[in-house]
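So the chains spell out like this:
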Amino acid sequence: MNRLNENFSRLEGDYLFSEIARKVEAYRRAHPRADLIRLGIGDVTLPLAPTVIAALHRAVDEMARPETFRGYGPEQGYAFLREAIQQGEYAPRGVQLEPDEIFVSDGSKCDLGNLQELFSPRCRVAIADPVYPVYRDSNLMAGREVLLLPATRENHFAPELPTTPVDLLYLCSPNNPTGTALTREALQRYLDYAREHGTVILYDSAYSSYLRDPELPRSIYELDGAREVAIEFKSFSKAAGFTGLRCGFAVVPHALKVDGQSLNPRWFRRQCTKFNGVAYPVQRAAEAVYSETGRIEIAAQIAYYQENARLLREGLQAAGYEVYGGEQAPYLWWKLPTADSLAFFDRLLDKCGVIGTPGVGFGPHGEGYFRLTAFGDRERTREAVSRIAALG
Ligand code: MLT
């Protein structure tokens, strides 16, 4: 009898970003004087907004006084934060959610990795290729069959619909890693498909704050029929610099049913069993994101990263490269002049001291591409552009 979950042997190597970090560390040890610019993992560099920090401090002080101390909180998140999310995130888009449709969590990576537990290992899953590796790896760990839908420049990085019925379909817009965004029409096509085939869409909108085009959907629930088929994931990581603080949420609408059963109470049951909620000060910090001053400060942070994306995009184009993304998202998807993105990673590190992410790490159709993030420091981003331009 095998006592281990043999599905782990289906995973290729380590988690993508751990593997990159290990390669960089080995390079750094071998070249301790190298001046490295990190545009690999999408980690923010600006400190938390002052309004968020003030809310954190206040909440920490509350924890020091008997009359305001808080122990275990509600597993689904405090009502004050779920209310702020409804008012700040959804009401402006004409979307009305019930408070118990919103589940506060410690980030979308965990939610996206965990939510598949609600489904049978026999469910068929479709993901884009290239893709954020968590969707693929978490389903492989669970033993599911995963169908890859190529996202290429020919289809504008909006994968074709599955040709055979699937039970789960992961979508991410604006996209990680391609930095492109789905139009309303493209998203509606996936929704219509899902409604026709009884497919559940797992919609990752971690980067929606980076959309510039007002015509593009910020939430899947802006579109007709989404509540019956879609779960939406949103994170404060990239929207408000919470990569180190950890907070996000998932929306599981009451209208979403599979085999006649509502998913909402099942997710609630799962969360209550395995999760004790997000720290109170962190939830107060997330609430502050939607305050009047919080919004202004955070809009300035987003604009800073958007400007980095513009510098990278225009800098690479001026150097003669083909580049996608970067207009509606903080990621640039660089078409390489070589088919080997891992070899290019080594070359760029060695010749320019610039760290990016090889496209093949996101899936076979990522080969020949390279991802750069706009989350770096402004001057270091400029410096990266000029080093790349000088590479020739
Ligand atoms: C990325 O670089 O793709 C992201 O930072 C990873 C994540 O959000 O977990």
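Attention in this report is confined to the structure presented alongside it. (Residues numbered from 1 in each chain as written. Predicted model: local features only at pLDDT ≥ 70, side-chain atom pairs only at ≥ 80, totals over all residues. Heavy atoms only, no water.)

### A look at the packing of helix H1 (residues 16-30) against helix H11 (residues 341-352)
How two helices pack is summed up by the angle between their axes together with the distance between the axes.
Part 1: Between H1 and H11, the least distance of the axes is 12 Å, while the angle of their chain directions is 35 degrees. Crossing of H1 against H11: the hand is right-handed. Between H1 and H11, the contacting residues are Ile 20, Lys 23, Val 24 and Tyr 27 on the first element and Leu 342, Phe 345, Asp 346, Leu 349 and Asp 350 on the second.
Part 2: Residue composition of the contact of H1 with H11, grouped by class: six nonpolar, no polar and three charged. (Axes fitted to C-alpha atoms, helices over the stretch in contact; angles between N-to-C directions. Helix = DSSP H or I, 4+ residues; strand = E, 2+ residues; numbered from the N terminus. Left-handed = near helix turned anticlockwise from the far one by under 90°. Contact = heavy atoms within 4.5 Å. Nonpolar A, V, L, I, M, F, W, Y, C, P; charged D, E, K, R; others polar.)

### Observations regarding the pairing of strand E3 (residues 124-129)
Part 1: Within E3, five of the six residues are buried, leaving the element largely enclosed by the surrounding structure.
Part 2: Bridge analysis of E3 against strand E4 (residues 145-150) gives six bridges, and the strand direction is parallel. Counterpart to Asp 129 in the pairing with E4 is Pro 150.
Part 3: With helix H5 (residues 133-141) bridging E3 and its parallel neighbour E4, the resulting β-α-β unit is right-handed.
Part 4: Inspection of the sheet shows E3 paired to strand E5 (residues 168-172) by two bridges, in the parallel sense. Counterpart to Val 125 in the pairing with E5 is Leu 168. (Buried < 20%, exposed > 50% of the residue type's maximum accessible area, 1.4 Å probe, protein only. Pairing = 2+ DSSP bridges. Right-handed = clockwise from strand over helix to strand, strands pointing away.)

### Structural notes on the site of the ligand
Part 1: The full set of residues close to the ligand is Phe 17, Ile 41, Gly 42, Tyr 132, Asn 176, Lys 238, Tyr 331 and Arg 371.
Part 2: Between Gly 42 and the ligand, the recorded distance is 2.6 Å, taken from a backbone N or O atom to an oxygen atom.
Part 3: Contact between the ligand and Arg 371: an oxygen atom at 2.7 Å from a side-chain N or O atom of the residue.
Part 4: Considering the ligand on its own, with 260 Å² of exposed area, one finds that the protein chains cover 86% of that surface.
Part 5: Classifying every residue of the shell around the ligand by side-chain character gives four nonpolar, two polar and two charged. (Near = heavy atom within 4 Å. Polar contact = N/O pair within 3.5 Å; in protein donor to acceptor, adjacent residues only side chain to side chain. Areas by Shrake-Rupley, 256 points an atom, 1.4 Å probe, with all protein chains shown as cover.)

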